Amino acid sequence: MAGGKAFCPFSVALFAGSAFSYIAYLRQKKQATLPKRCIDVHKQTYIIAGDIGGTNSRFALHLSGQKDPLLVHVYSNEDSLKNTTTFHHATLKPFLQKCLAEVEAWKALGEKEVLSKIQVVACLATAGPVTMDNDVFMVNLGESGGSIDGNEIEKCQDGLLSLVVRCKLVNDFVGQGYGVLDLDLDKEVIELLPGSKAKVKDLGPICCVGAGTGLGECFLTKSSLATKLGYECYPSEGGHSDFTPRGPLEVELVDYLKQKFSCDYRVSVERIVSGRGLANVYEFLANKFPDRVDTLVHEEFLAAGDQQGRVVGMNSQIDGSLTQQAMQIMAAAYGAEAGNAALKFIPTGGLFLTGGLTPKNIGMIQGYDSPFMKAYLDKGRLNNLIRSIPLFAVLNEDVGLRGARVCAEREYNAM
């Protein structure tokens, strides 16, 4: 209660950057403690999977136990958050309303019957570190960052939002890891090392490395004592480990990036292996080789804002260009880091390359002569071990959303 009036719990608070705002949010959260809701065996259960990035929020509705979605929709966070300060009212509620308007089973029931006969278990894969309290603060959500709280979403009783009886939050790359379990290895991946599918060990660890807006890494393990429980995925921040230059030009690149980002001793792999990293590499090359700059491409690059990496990628097929050289450097660094992950985890269950940069630049990744594979296989005394690891490039870009569905199903089955 606040001032004698009922307090409506909220799932997202957009902050102005002050510590006082965050403290107030935590106090309000403590005041709104209600018992968790349970599954009603008399209701039909649906699954909502969400892949929540800084730019867009993607949602999919599934009937529990079904892989194929009944409805998928993408919301722009910037546009959605203009008229409301809460994430669930900005995106999740409109998605539920869209389900009511477009999913035949929901349309046939009508809103009143939907509220009495349907329940939803949701999982949101979010681009930020999820706490043990099932909430996350995303620095890139909204103008000043925002917090999503799964527990508060469960408690919200505002119309169709009351359908959500469980809302689990996971790190976005944990979503990628669980999404790998949903892949068809015959149709949705490319073997980067021949015979990889035949080499997969049922009890072996799985590793996932994916370059997109950033560089994500995670790993999955299965207990030999309880195999029926399946794989458990664990997040990591491996993408922020130190970048190691592989030649004189990359030594200069590191020096350039240390100066750019005010780092005295090191830069992370993500500064090179990501969409933003690709832009960093091109920027370095343009400064070092001004006589090789393509004026039209460079002007497009400078005007592209946070899409600079995309401009470099789109122009990377031009032979002898700086954009092509930037892509080659990024792909080699990607291969080296994937090889490092293979050495650390020995993922005999498979090492999967995900993220948007993988399918978009498969020509730089596939084949023994590609920049990626040359660096991946360059592990000295451990080359034989590296060649024994099943290695796949994932062609689908919806792996995070599919992983969120897998997590939601697991959550539902455990309730």
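Scroll up for the structure.
The rules behind these values
Residues numbered from 1 in each chain as written. Predicted model: local features only at pLDDT ≥ 70, side-chain atom pairs only at ≥ 80, totals over all residues. Heavy atoms only, no water. Helix = DSSP H or I, 4+ residues; strand = E, 2+ residues; numbered from the N terminus. Contact = heavy atoms within 4.5 Å. Areas by Shrake-Rupley, 256 points an atom, 1.4 Å probe, with all protein chains shown as cover. Pairing = 2+ DSSP bridges. Axes fitted to C-alpha atoms, helices over the stretch in contact; angles between N-to-C directions. Salt bridge = Lys/Arg side-chain N within 4 Å of Asp/Glu carboxyl O. Buried < 20%, exposed > 50% of the residue type's maximum accessible area, 1.4 Å probe, protein only.

S.K.: Just give me the short version of the overall build of the chain, but keep the residues and values in it.
M.R.: Within the chain one finds 16 helices and 13 strands. Nonlocal contacts in the chain, meaning residues at least 24 apart in sequence, comprise 68% of its contacts between residues at least 6 apart. If you sum the accessible surface of the chain, you get close to 19,700 Å²; carbon and sulfur atoms cover 52% of it.

S.K.: Give a description of the sheet that holds strand 3 (residues 71-76) that names residues and reports values.
M.R.: The strand order across the open sheet formed by five strands is 3-2-1-4-7, and the pairing between neighbours is mixed. Looking at the sheet topology across the chains shown, the edges are occupied by strand 3 and strand 7 (164-171). Neighbour to neighbour, the strand axes of the sheet diverge by 15° on average, direction disregarded. Across six bridges, the pairing between strand 2 (residues 56-63) and strand 3 is antiparallel. Bridge pairing links Ala-60 to Val-72 in strand 3.

S.K.: Account for the environment of Gly-195, naming residues and giving values.
M.R.: Looking at the element boundaries, Gly-195 is found in the loop between strand 8 (189-191) and helix 7 (196-199). Sequence-wise, Gly-195 and Leu-391 are 196 residues apart; in three dimensions their C-alpha atoms are separated by 9.3 Å.

S.K.: Can you lay out the pattern of salt bridges for me, pointing to particular residues and giving the numbers?
M.R.: Counting across every chain of the model gives 21 salt bridges. In this structure, Asp-242 engages Arg-266 in a salt bridge whose closest nitrogen and oxygen atoms are separated by 2.7 Å. You can see Asp-242 sitting in the loop between strand 11 (231-236) and helix 8 (248-260) and its partner Arg-266 sitting in the loop between helix 8 and helix 9 (275-288), a full 24 residues away along the chain. For Asp-242, a relative accessible area of 46% corresponds to the partly exposed category. Given a relative accessible area of 33%, Arg-266 falls into the partly exposed group.

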